[in-house]
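# Notes for the structure review
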Amino acid sequence: MGFFRKLLIGQVSPIVIPKISPIRKRILNIISIWNNDHQSDNGIEKIFRLFLSITQLLFPGIYIKTFANKVNPVYKDLAMDFYILIKVTFPFLILYNHWQKHQILIYILVYLLMETVLYIPTLIFASDLFSRPRSYKRSMLLLFFNYLEIIIAFGVLYTLGNNMNKPFEHWFDPIYFSVVSSNSIGFGDYYPITTYGKVLVTLQAMFFLSFVVLFLNFFTTKVKSKGYFEEDKLD
């Protein structure tokens, strides 16, 4: 047990008990944005920041973090790591086992995908909603898993119906096409022929353009804006 604790948790900071819960913190974020307590934004910028902060309360991530924090604050990061790994594994299992006909699984997939899709612009345009991370390298690693999740999830969406010029012959083919589409390579072996397929490719290309150019630049340059709760070193 001590081996796994040291492997998964590592060195524990002596300050691990946050003053407020993650959910309460998000609610205070929303109030702060509304009152312009920390930013002078207005108009479309303020509306967008309010939208991003509110969406944090619509998905499981914040509640998993809160529950883990109540059990033991040390496990908060570990719980989120496992949650992100589950989100990566879920679409992979759908493709590998050909579960696309189970609509409930597709609904869950889209729901979890929306959480990631909205979380990334939140980190870009509303980074002051979050406290400074314990490790920027960990943030970059989790970003890579977010990338994998979206790649594989879009691969599942491409298999829903006859949207391509030819059927995918192997479960890995839609993942391959998703990678090619997200990087705007386009070898021509697969391409969309329906409006649904073209919309998916367009959305994925546009999203990954901002993902790579803006989000990676945000972390590699380590742009740090003062958080609303800067005294809480861990989030």
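Residues numbered from 1 in each chain as written. Predicted model: local features only at pLDDT ≥ 70, side-chain atom pairs only at ≥ 80, totals over all residues. Heavy atoms only, no water.

Take the pattern of salt bridges next. By the definition in use, this model includes 3 salt bridges. Salt-bridge contacts for Arg49 lead to Asp41; the nearest nitrogen and oxygen are separated by 2.4 Å. Taking the relative accessible area as the measure of exposure, Asp41 reaches 4% and is therefore buried. The salt bridge involving Glu115 is made with Lys87; its shortest N-O contact spans 3.1 Å. You can see Glu115 sitting in helix α6 (residues 103–125) and its partner Lys87 sitting in helix α5 (residues 76–97), a full 28 residues away along the chain. According to the relative accessible area criterion, Glu115 is buried, its value standing at 11%. A cluster of three or more residues bridged by salt bridges with shared partners is formed by Lys87, Glu115 and Glu149. (Salt bridge = Lys/Arg side-chain N within 4 Å of Asp/Glu carboxyl O. Buried < 20%, exposed > 50% of the residue type's maximum accessible area, 1.4 Å probe, protein only. Helix = DSSP H or I, 4+ residues; strand = E, 2+ residues; numbered from the N terminus.)

Bringing the UniProt feature "transmembrane region" (unreviewed entry) in the chain into the picture now. In this numbering, the UniProt entry assigns the feature "transmembrane region" (unreviewed entry) to residues 47–68, 80–99, 105–129, 141–161 and 199–219. Between the end C-alpha atoms of residues 47–68 there is a gap of 31 Å, over a span that is 82% helix and 0% strand. The span residues 141–161 carries 86% helix and 0% strand; its end-to-end C-alpha distance comes to 33 Å. (UniProt positions renumbered as here; feature names shortened; annotations may be inferred.)

Formed by 31 residues in total, the largest nonpolar core has its most connected members in Leu109, Ile150, Tyr158 and Phe177. Of all the secondary-structure elements, those providing two or more residues to this core are α5, α6, α7 (136–158), α8 (173–182) and α9 (195–220). For this core, the element with the highest residue contribution is α7, accounting for 9 residues. If near-sequence neighbours (up to four positions away) are discounted, Ile150 is found in contact with Leu113, Thr116, Ile120, Ser178, Phe207 and Phe208. (Core = buried A, V, L, I, M, F, W, Y, C linked by side-chain atoms within 4.5 Å. Contact = heavy atoms within 4.5 Å.)

Along the polypeptide, Pro167 turns up in the loop between α7 and α8. In this structure the C-alpha to C-alpha distance between Pro167 and Tyr190, which are 23 residues apart in sequence, comes to 8.8 Å.

Moving on: the environment of Trp99. If you trace the backbone, Trp99 turns up in the loop between α5 and α6. Between the C-alpha atoms of Trp99 and Val156, which are 57 residues apart in sequence, the distance is 9.5 Å. When sequence neighbours within four positions are dropped, the list of residues in contact with Trp99 reads Leu93, Ile94 and Leu105.

Applying the stated criterion to the full structure yields 10 aromatic pairs. Aromatic side chains Phe154 and Tyr158 sit 6.3 Å apart centroid to centroid with 45° between the ring planes, which places their arrangement in the tilted category. With Phe154 and Tyr158 both in helix α7 and 4 residues apart, this pair spans about one turn of that helix. You can call Phe154 buried: its relative accessible area is 7%. Centroid distance Tyr158 to Phe177: 4.9 Å. Interplanar angle 80°. Geometry classified as edge-to-face. Placement of Tyr158 in helix α7 and of Phe177 in helix α8 is noted, with a sequence separation of 19 residues between them. Overall, the relative accessible area of 1% leaves Tyr158 in the buried class. By relative accessible area, Phe177 is classed as buried at 5%. Ring-pair connections join several aromatic residues into one group, and the members of that group are Phe154, Tyr158, Phe168, Phe177 and Tyr190. The side chain of Lys46 reaches across the aromatic face of Trp34, ending 5.3 Å from its centre. Sitting over the face of the ring of Tyr190, Lys166 holds its NZ or CZ atom 5.0 Å from the ring centroid. (Phe/Tyr/Trp six-rings, centres within 6.5 Å; stacked < 30°, edge-to-face > 60°. Lys NZ or Arg CZ within 6 Å of the ring centre and 35° of its normal.)

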